[in-house]
There are 2 protein chains.
Amino acid sequence: MNKRILIVGGVAGGASAAARIRRLDEKAEIIMFEKGPHVSFSNCSLPYHLSGIVEDSDSLVLMNPETFKQRYKIEARVHSEVIQINRERKTITVKDLLSDKTYEEPYDKLILSPGATPIRPKAIQGIEKPHVFTVRNVLDIEHLNNYIKQKQVKDIAVIGGGFIGVEVAENLRLANYNVTLIEFANQIMTPFDYDMAQILHKEMADNGVHLIVNDGLAKIGEDFVETHSGKKFAAQAVVLAIGVRPETSLAEEAGLEIGETGAIKVDSNYVTSDPDIYAVGDAVEVYHRILHKPTRLALAGPAQKQARAAANHIYGIPNRNLGVIGSSSIHLFNLNAASTGINARTAEASGFHFDSVYVMPSDKVGLMPDSNVMHFKLVYEKPTGRILGAQAIGKGNVDKRIDVIAAMITMNGTLEDLRDLELTYSPMLGTARDVVHHAALVALNQLNGVYREVKVSQVRELVEKNAYIIDARERREYEAGHLKNAVNIPLSEFRNRLDEIPKDRPVYIHCRSGQRSYNMVMALQHLGYTNVYNISGSYLGICLYEYFNDLAGDREKIVTEYNFN
Amino acid sequence: MNKRILIVGGVAGGASAAARIRRLDEKAEIIMFEKGPHVSFSNCSLPYHLSGIVEDSDSLVLMNPETFKQRYKIEARVHSEVIQINRERKTITVKDLLSDKTYEEPYDKLILSPGATPIRPKAIQGIEKPHVFTVRNVLDIEHLNNYIKQKQVKDIAVIGGGFIGVEVAENLRLANYNVTLIEFANQIMTPFDYDMAQILHKEMADNGVHLIVNDGLAKIGEDFVETHSGKKFAAQAVVLAIGVRPETSLAEEAGLEIGETGAIKVDSNYVTSDPDIYAVGDAVEVYHRILHKPTRLALAGPAQKQARAAANHIYGIPNRNLGVIGSSSIHLFNLNAASTGINARTAEASGFHFDSVYVMPSDKVGLMPDSNVMHFKLVYEKPTGRILGAQAIGKGNVDKRIDVIAAMITMNGTLEDLRDLELTYSPMLGTARDVVHHAALVALNQLNGVYREVKVSQVRELVEKNAYIIDARERREYEAGHLKNAVNIPLSEFRNRLDEIPKDRPVYIHCRSGQRSYNMVMALQHLGYTNVYNISGSYLGICLYEYFNDLAGDREKIVTEYNFN
């Protein structure tokens, strides 16, 4: 008998599962139910409609029900809300939102891919107002875009600095709105550590987004928002992007097991606690391969893989479930940013024995057009050298460097393995020693105790304590901006100026990007200096780390002038 | 006592070794000897001076002897040719090319990094003429550039379609010279298989390079070149880029062992047959990790690694030598191309049990600006699924996709591992299912016998034999260009037109890029068709495969119109 497979949700997970099932079984009856008017739209592309990068919102819809029918013999029922699972009868109850009628549909196998809902905290005063928006689907983005155009909105507040909030803020800014982005935590984009996040903060500020961190939304007025700290910002429209909650109500009401993270619990083949019901996508909890515990991961790539795995399992095809590591990327004005695995903050919080390095090599041969500094942070386990995660930010293809690290994590790679990778190179596209090699070499030096370093976050304290800091750059570089109490002893001069360098106190050394200071540290150590530290991140990193927090102007700058290049 | 370390050659390998030694030993005496006037220049960037991308040839020199001295206490003696190694005395004989005097310098350790010389076959008539150039160093490229400018050269012949020949041809073409590129083999860029090379051939032709394959240079006249087949091409200047020969004369004369490839033989720490002499870079032979035999690999990345390893070994720091896999990339007009590991041709020649897939997914979400097709070929071992190599060509960052494959090869990854990688994604930067995932999925289907395929190279024969070929694209796509005898049965129609599809003969199916034909193949198999084949590469691949060879016009086209997008 032909299988009857019903799918709740017709976007990333649902549509992928349906297409996969059709390829495995030409005769199965496959029906997708979607509450909204669209199936198979590009979720991740929604914000780009606001800037006009995706001009026509219709193009966000990748495939309509007719095409599903014609090409894949898949029925996609839109405006159809699944309101109940009747497990004992193996049926679902569907409400046709156009006719308001309900009916039951029997299934052999049911796949839940309901996604996640934007959080709208009731506690925020004014949250119910009509100019408060969330961004989940094509209708939402059309609704927001139409509203701000028709009402000639000038000022928009975006609440929440995660992927959606940041992308919405960016695209609204590109469309010339005055955008205030309000983030409760001390940084946006939590996949990044605080030091790396400062680069993103600066990019937001440089591009005219008014970024507020360490402050939450308290109240929404008619044309303003007010924060916990009492600050008011003009806003004729508000976009809430605080976070999402997995859509578990259907599953919960049907008595399916919910995991410790609050998402639907599934086994390694995405089977729920009912053997005939699968669940995939943002609504389920997955296993974190590095942290060894359940987690939630609302990303499109994993959702597609899960959908494929669920379809396979229905047809007896074995899956391998490696868990997740959490790889993601974002484009932000002139920068790209990407991360994989765990960051230092998570490693710390999870009790890992770890360390990290922060390097900033050129992403291409310096002579070539579009050669740029790439900021790269690598987190590794001590003493094993196992790679735990990485973050990269720059104008070039940072994401593909992070993909190499993602591959190394999945393959249980160590720093030695990373160092020994034989990667492609040509001057227009990279450097003979790639960014990832550079990070691995520095990390191995650190792991092997070749030299010691202090982090960029420690520099302010060093300056305030009036520590002995050597700026190893050339004089003209020093004069264009330097740490307030740094002594300028260029690498090219230090061998003749050794008598200036004290042996009885710690010596901290930086240059522009860390290469010259590394050489000086090594030389001084060989010359009998026992208390020498390289300043990780060097002058470029220090300036980026300090800049955004200096903007507020309520503290003393530790540099005479910023240098960012 | 302080070590005295002499280095022959001051470019990639030599300069890297010197800098590394200084970091390991502040007191060592380090002297680099370089025949030419420059040390530490960007070898790989030389061709870009011809187009003006690198406008100032001085900028090709990364560091001058003064800077080496000041920063690193390294003495760089230019215009200094090492003419003899006196192993018994542990000295070298140096000729000062300015004063013409010779002298001896004693060493504790000697590192040879003499590079490789461009081949100038004596058999070619006219090879000694002054308008015949090779490209090895800054002087060479200045010499060539000055000559063609001063003599107002219009037509230039470049001989040899390897990296240097292709990059020189491209940059000369960008500077508006009429360029004829002559290649003896049936394709340029041997890291690529013949099918992938056709894409590069088309790019050369599209950008006005007159590309001749299957023909060698026989004679160089005053203002023309003549090929083996008797064709003549205008050329007031000729650039020879036939290949390079490792510089082994110094080593050979000193009685150091030469390997089976004709390069200097070294052990896993780059020690030659003399324990006090190391050799690195283009002059040595290395071990191929996949082919399990010695090979030569004239690339900058490996040279730097070898230099570091040699320096380490001098100071008792252990190295790990994984051998080489051969990763490289090239920028060519509007395309980037990259490869790693072995291609299908090498796999075949080396007796591997292997297969390959050729896919062409989008490199970014289709809605986004700069979304482009990426051509990707993956070679894997049967039945293990071990990844052997990959090639990628497209407008986007193909090289970084190849880097992921390089990582997987080094980590002994299989197709399953590649499929399961969790890579970064955002719509501006990629797709939720990356190009490399796509290739892995198709390869696994092939390896597991899920369906069968024919290669793009077999299509001409199929057309000529009048095989039954289904074009699964929509009608308007078919009408814009199709295989001459293909039947148009769109995926969206085939279920109603099954009676047209024969069961008694093989059925070959293609669409635009392989996705729709894959779905039709699967459905037909489920419907009892036992003799169905997907055409690998699909219509895009077929057009690209046929185009360049069709240009000559001496054979019948198998398509009505080419489609390249």
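Residues numbered from 1 in each chain as written. Chains lettered and ligands numbered in written order. Predicted model: local features only at pLDDT ≥ 70, side-chain atom pairs only at ≥ 80, totals over all residues. Heavy atoms only, no water.

What is the right way to look at the UniProt feature "domain: Rhodanese" (unreviewed entry) in chain A in this model?
UniProt marks residues 463-544 of chain A with the feature "domain: Rhodanese" (unreviewed entry), using the numbering shown here. For residues 463-544 of chain A, the end-to-end C-alpha separation is 16 Å, with 32% helix and 17% strand making up the annotated structure. (UniProt positions renumbered as here; feature names shortened; annotations may be inferred. Helix = DSSP H or I, 4+ residues; strand = E, 2+ residues; numbered from the N terminus.)

What exactly am I supposed to notice about the sheet that holds strand 24 (residues 374-381) of chain A here?
Working definition: the strands of a sheet are paired by backbone hydrogen bonds and lie parallel or antiparallel to each other. All names here are of chain A. Taking strand neighbours across the sheet as the criterion, the five strands line up as 21-22-25-24-23 in an open arrangement whose pairing is antiparallel. Only two strands of the sheet have a single neighbouring strand rather than two, namely strand 21 (328-332) and strand 23 (354-359). Pairs of neighbouring strands in the sheet enclose a mean axial angle of 10 degrees, with direction left out of account. The pairing of strand 23 with strand 24 spans six bridges and is classified as antiparallel. Bridge assignment links Ser-356 to a residue of strand 24, and that residue is Val-379. (Pairing = 2+ DSSP bridges. Axes fitted to C-alpha atoms, helices over the stretch in contact; angles between N-to-C directions.)

Explanation requested: the interface of chain B and chain A in the structure shown.
A common way to state how big an interface is: give the accessible area lost once the parts meet. With 88 residues of chain B at the interface, the matching set in chain A holds 88 residues. At the boundary of chain B with chain A, total buried surface from both sides reaches about 7,600 Å², with 56% on carbon and sulfur atoms. The largest contributions to the chain B side of the interface with chain A come from B:Arg23, B:Glu422 and B:Thr424, which together make up 11% of the buried area. At the surface where chain B touches chain A, the tally comes to six salt bridges. Among the salt bridges present, the one from A:Asp417 reaches B:Arg320, with a minimum N-O distance of 2.9 Å. Scanning the region where chain B abuts chain A turns up 35 residue pairs in polar contact (both at pLDDT 80 or more). Among the elements that make up the side of chain B that touches chain A, the one with the highest residue count is helix 10 (residues 398-410) of chain B (ten residues). (Contact = heavy atoms within 4.5 Å. Buried area = accessible area lost by both parts, 1.4 Å probe. Salt bridge = Lys/Arg side-chain N within 4 Å of Asp/Glu carboxyl O. Polar contact = N/O pair within 3.5 Å; in protein donor to acceptor, adjacent residues only side chain to side chain.)

Even after reading the chapter, I still don't get the packing of aromatic side chains, so can you show me in this structure?
The geometry of an aromatic ring pair is captured by two quantities: the separation of the ring centres and the angle between the planes. Applying the stated criterion across every chain, the model contains 16 aromatic pairs over all chains. For the ring pair A:Tyr451 and A:Tyr518, a centre distance of 5.3 Å and an interplane angle of 40 degrees mean the geometry is tilted. Of this pair, A:Tyr451 sits in the loop between helix 12 (435-447) and strand 26 (452-454) while A:Tyr518 sits in helix 15 (residues 515-526), and the two are 67 residues apart along the sequence. An aromatic cluster of at least three residues, connected via ring pairs, comprises A:Tyr547, A:Tyr562 and A:Phe564. The ring of A:Tyr529 has A:Lys503 sitting right over it, with the charged end atom 5.0 Å from the ring centre. Its end group placed over the ring of B:Tyr547, B:Lys202 keeps NZ or CZ at 5.4 Å from the ring centre. (Phe/Tyr/Trp six-rings, centres within 6.5 Å; stacked < 30°, edge-to-face > 60°. Lys NZ or Arg CZ within 6 Å of the ring centre and 35° of its normal.)

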